[in-house]
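Structure assessment
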Amino acid sequence: MPGSTVRMRNTSRMLGAAALAAGASLVLAACGSTKDTGASGAGGGDGTGKVGVVLPLLTSPFWQSYNDYVPKMAKSEGVDAMKTVNSNSDPSQQITDINNQLNQGVKGLVVAPLDSAAIEAGLDQAERKGVPVVAVDVAPDKGKVAMVVRANNVAYGEKACRYLGEHLTSGKVVQIMGDLASVNGRDRSEAFRACVKKDFPKLKVLEIPAKWESDTAASKLDTLLNANPDIKGIYLQAGGVYLAPTLQTLKSKGMLKKAGQQGHIAIVSNDGIPQEFDAIRKGEIDATVSQPADAYAKYGMSYIKAAMRGKEFKPGPTDHDSTIVKLPSGILEDQLPAPLVTQDNVDDPELWGNTVE
């Protein structure tokens, strides 16, 4: 899911009062402005004008939270953001949404791509009109963006692998994968698979391609459990869409045992939504990776404002506990922290999942 990708640093440092009060200028000072071949930016301007915000979907609690954060962070960063547009899980609709925003005269776009390849058509439309774009959560395979604001999704898969590998000596584990048309789904899937093979060879990985669809996850998990009732662990690549159907499926089969009880299936998720935290507290799941919905909104707005001014960026550390890296495509990505949440830190008041009203 766009979810949620692609990390165990403390989100509280990034989202403390000082960071929230800081303007875009602090972020930009750390990001640099070198115009080398890895730099990415847009034509000069004064940073004003309407900004369009395109969402991938609103059926996930994660994206509902991000949607709620957008107007708050836009105000904090001094960005004139328009009402968000929901592409409703349809990559073709997302291209239409981008075109509609451009026709309304936006001066910048913040987009969470549904499909890493398909989004190129929308990015090309924006480039032709001289409108900078910041991508959130998912990196495009091609096309021009000023910055990708995203957590390290490879680390998501590796963290899930290591948690399960360190708590299970052997047996079958299943990963319920996201859409492999999305770089997030690919990164998480490949990283989990590779980590298990390299470091925990006594675990056997079974896979469910679920395309960020809750119904697909539920039906395929039910079938898999019928054939493999001895599954010891589950990795949910997107708690926002997979948590509820997974727990319901296990419950219907009498297989939902609390942590510490005999027969408990260890579950690691991704997203950091309140529902996952509650499930950790109840012992229904063991851990999740907190994907920073609040920081996605904050830095998405900060970068688009800077790009509208013609600011360019370069790889290196930032002032908000992250690192800008150059992807193989040449696109720059600010990889934000995404901590692992377990029983030990689930009540941390600084985790965004504990601040949702």
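The preceding data block contains the structure.
Numbering of residues starts from 1 in each chain and follows the order in which that chain's sequence is written. Per-residue local features are limited, in this predicted model, to residues with pLDDT of at least 70; the limit for side-chain atom pairs, both in listing and counting, is 80 or more; totals at the level of whole chains, interfaces and linings are taken over all residues. Side-chain numbers come from the whole structure's heavy atoms, not from hydrogens or water.

Some words on the overall build of the protein chain
For helices the rule is a DSSP run of H or I covering at least 4 residues; for strands it is a run of E covering at least 2, with both sets numbered from the N terminus onward. Counting its secondary structure elements, the protein chain contains twelve helices and 15 strands. A total of about 14000 Å² of accessible surface is found on the protein chain, and carbon and sulfur atoms cover 49% of it. The protein chains shown are the only cover counted for residues, whose accessible areas, like all others here, come from Shrake-Rupley with a 1.4 Å probe.

Details of the nonpolar core
Each nonpolar core is a collection of buried residues, namely Ala, Val, Leu, Ile, Met, Phe, Trp, Tyr and Cys, held together in the definition by side-chain atoms within 4.5 Å. Buried, partly exposed and exposed residues are distinguished by accessible area as a fraction of the type maximum, computed with a 1.4 Å probe on protein chains only: under 20%, between the cut-offs, and over 50%, respectively. By size, the foremost hydrophobic cluster in this structure holds 57 residues, and its most contacted members are Tyr-66, Val-110, Val-149, Phe-192, Tyr-296, Met-301 and Tyr-303. With eleven residues, the single largest contributor to this core is helix α12 (residues 293-308). Note on definitions: a residue-residue contact is assigned when non-hydrogen atoms from the two residues lie within 4.5 Å. Ignoring anything within four residues of it in the chain, the contact list for Met-301 reads Val-53, Val-70, Met-73, Ala-74, Glu-77, Val-79, Ala-81 and Val-110.

Observations regarding the pairing of strand β4 (residues 108-111)
Where burial is concerned, the two faces of β4 agree: the one with Gly-108 and Val-110 and the one with Leu-109 and Val-111 are both buried. With four bridges joining them, strand β1 (residues 50-55) and β4 adopt parallel strand pairing. The partner of Val-53 across the bridge, within β4, is Val-110. The pairing of β4 with strand β5 (residues 133-136) spans three bridges and is parallel. In the sheet register, Val-110 faces β5, and the bridge partner there is Val-134. Once you follow β4 into helix α6 (residues 120-128) and on to β5, the crossover reads as right-handed. For two strands to count as paired, DSSP must find a minimum of two bridges between them. By convention, orient the strands away from the viewer: a clockwise path from the first strand over the helix to the second makes the crossover right-handed.

Quick notes on the packing of helix α9 (residues 214-227) against helix α10 (residues 239-252)
Think of each axis as a best-fit line through the C-alpha atoms, taken over the contacting stretch in the case of a helix, with angles from 0 to 180 degrees between the N-to-C directions. The N-to-C vectors of α9 and α10 enclose an angle of 35°; their axes lie 9 Å apart at closest approach. Judged by the twist between their axes, the crossing of α9 over α10 is right-handed. Touching Ser-214, Ala-217, Ala-218, Leu-221, Asp-222 and Leu-225 of α9 are Val-241, Tyr-242, Pro-245, Thr-246, Thr-249 and Leu-250, all from α10. Under the convention adopted here, Pro, Cys and the residues Ala, Val, Leu, Ile, Met, Phe, Trp and Tyr are nonpolar, Asp, Glu, Lys and Arg are charged, and Gly plus all remaining residues are polar. In the contact of α9 with α10, the residues fall into eight nonpolar, three polar and one charged. Left-handed describes a crossing whose near helix is turned anticlockwise from the far helix through less than a right angle; right-handed describes the clockwise counterpart.

Points about the pattern of salt bridges
The salt bridge criterion pairs a side-chain nitrogen of Lys or Arg with a carboxyl oxygen of Asp or Glu, the two atoms within 4 Å. Throughout the structure, instances matching the rule amount to twelve salt bridges. Between Asp-80 and Lys-50 there is a salt bridge whose closest N-O contact spans 3.3 Å. Placement of Asp-80 in strand β2 (residues 80-81) and of Lys-50 in strand β1 is noted, with a sequence separation of 30 residues between them. Residue classification places Asp-80 among the partly exposed positions, given a relative accessible area of 37%. Across the pair Arg-150 and Glu-333 runs a salt bridge whose closest N-O atoms are separated by 3.1 Å. Of this pair, Arg-150 sits in strand β6 (residues 147-151) while Glu-333 sits in strand β14 (residues 332-336), and the two are 183 residues apart along the sequence. Each member of the pair, Arg-150 as well as Glu-333, carries the same accessibility label: buried.

Re the state of the cysteines
Throughout, a disulfide means two cysteine sulfur atoms within 2.5 Å of one another. Scanning all chains against the criterion turns up one disulfide. In this model Cys-161 forms its disulfide with Cys-195; the gap between the sulfur atoms is 2.1 Å. Disulfide Cys-161 to Cys-195: torsion about the S-S bond roughly -75°, handedness left-handed. You can see Cys-161 sitting in helix α7 (residues 153-167) and its partner Cys-195 sitting in helix α8 (residues 183-199), a full 34 residues away along the chain. By the burial criterion, Cys-161 is buried, and Cys-195 matches it.

Details of the packing of aromatic side chains
Aromatic pairing here means that ring centres of Phe, Tyr or Trp (its six-membered ring) are within 6.5 Å. Orientation follows from the plane angle: under 30 degrees is stacked, over 60 is edge-to-face, and everything else is tilted. Under the counting rule described, the total for this entry stands at eight aromatic pairs. Ring centres 6.0 Å apart and planes at 75° place the aromatic pair Phe-62 and Trp-352 in the edge-to-face group. Of this pair, Phe-62 sits in helix α4 (residues 61-77) while Trp-352 sits in the segment after β15 (340-341); the two residues are 290 residues apart in sequence, bridging distant segments of the chain. Take Phe-62 and Trp-352: they sit in the same class, and that class is buried. Ring plane angle 80° and centroid distance 5.2 Å describe the contact between Trp-63 and Tyr-66, whose orientation is recorded as edge-to-face. In this pair, Trp-63 and Tyr-66 both sit in helix α4, three residues apart, roughly one turn of the helix. Each of the two residues, Trp-63 as well as Tyr-66, counts as buried.

What to know about the pairing of strand β8 (residues 203-209)
Bridging between strand β7 (residues 171-177) and β8 involves seven bridges; their strand directions are parallel. Bridge pairing in β8 places Met-177 opposite Pro-209. Tracing the backbone out of β7, into α8 and back to the parallel element β8 gives a crossover that is right-handed.

Digging into the environment of Pro-56
Mapped onto the elements of the fold, Pro-56 is located in the loop between β1 and α4. On the basis of relative accessibility, which here comes to 0%, the residue Pro-56 falls in the buried class. When the C-alpha positions of Pro-56 and Pro-91 are compared, they lie 8.2 Å apart, and in sequence the two are 35 residues distant.

None of the figures reported here should be taken as evidence of function without further support.
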